[in-house]
Amino acid sequence: MRLIVMFDLPVTKAQERKAASKFRKYIIENGFYMLQYSVYTRIVNNFISIEKYTKRLKSHLPNRGSIYLLTVTDNQYSNMNILVGKPPTNDERVNSNSISLF
């Protein structure tokens, strides 16, 4: 499964930019990678992992802005279409056969 984080954080003031940068850095340190500007994703194994990352994200929310979480299956994620331009070179299709569980 994939957990997708989408956010719209204010960046007009220096303090807001700092908070947005801190949040972005936090999600990257927790295994999320940028899918699109302000849209990050990571692979999760199950609903327990989703709850764990949801709690972590809640504990690091900036004071202002909107953050959305979306969970999709690997099959749904692999059916995503890119309509404009070429896919980025670091974008790799992942299916359930290429996921290793610890």
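The structure this text deals with has already been given above.
Residues numbered from 1 in each chain as written. Predicted model: local features only at pLDDT ≥ 70, side-chain atom pairs only at ≥ 80, totals over all residues. Heavy atoms only, no water.

Visitor: Got a sec to walk through the overall build of the chain? Specific residues and values, please.
Guide: Each helix and strand in the chain was counted, giving 3 helices and 4 strands. Counting from the amino terminus, the chain carries its helices and strands in the arrangement β-α-β-β-α-β-α. Each of the 102 residues in the chain was classed as buried or not, and the buried ones make up 28%. Counting contacts in the chain only where the partners sit at least 6 residues apart, residues at least 24 apart contribute 67% of the total. (Helix = DSSP H or I, 4+ residues; strand = E, 2+ residues; numbered from the N terminus. Buried < 20%, exposed > 50% of the residue type's maximum accessible area, 1.4 Å probe, protein only. Contact = heavy atoms within 4.5 Å.)

Visitor: Residue-level account of the sheet that holds strand E3 (residues 39–43), with values.
Guide: Across the sheet, which stays open at both edges, the 4 strands sit in the order E2-E3-E1-E4 with antiparallel pairing between neighbours. Both outer strands of the open sheet, strand E2 (33–36) and strand E4 (66–72), are each paired with one neighbouring strand and no more. Strand-to-strand twist of the sheet, defined as the mean angle between neighbouring strand axes without regard to direction, takes the value 30 degrees. The strands touched by helix H1 (residues 14–29) are strand E1 (2–8), E3 and E4; relative to E1, the strand with the most contacts, the crossing angle is about 170 degrees. (Pairing = 2+ DSSP bridges. Axes fitted to C-alpha atoms, helices over the stretch in contact; angles between N-to-C directions.)

Visitor: Describe the side chain of Glu16, listing the residues and the values that go with them.
Guide: Note on placement: Glu16 falls in helix H1. Here Glu16 falls in the buried class, since its relative accessible area comes to 12%. Apart from residues no more than four positions distant in its own chain, Glu16 is found in contact with Pro10, Val11 and Arg64.

Visitor: Which residues make up the side chain of Thr41, and what values do they have?
Guide: Relative to the helices and strands, Thr41 resides in strand E3. According to the relative accessible area criterion, Thr41 is buried, its value standing at 0%. Polar contacts involving the side chain of Thr41 include one to the main-chain carbonyl oxygen of Leu3, which spans 3.3 Å. (Polar contact = N/O pair within 3.5 Å; in protein donor to acceptor, adjacent residues only side chain to side chain.)

Visitor: How would you summarise the nonpolar core if you had to cite specific residues and measurements?
Guide: Counting 14 residues, the largest nonpolar core has Leu3, Val5, Phe7, Phe23, Ile27, Phe32 and Leu57 as the members making the most contacts within it. Among the elements of the structure, E1, H1 and helix H2 (47–58) are those that each provide at least two residues to this core. The element that contributes the greatest number of residues to this core is H1, accounting for 4 residues. (Core = buried A, V, L, I, M, F, W, Y, C linked by side-chain atoms within 4.5 Å.)

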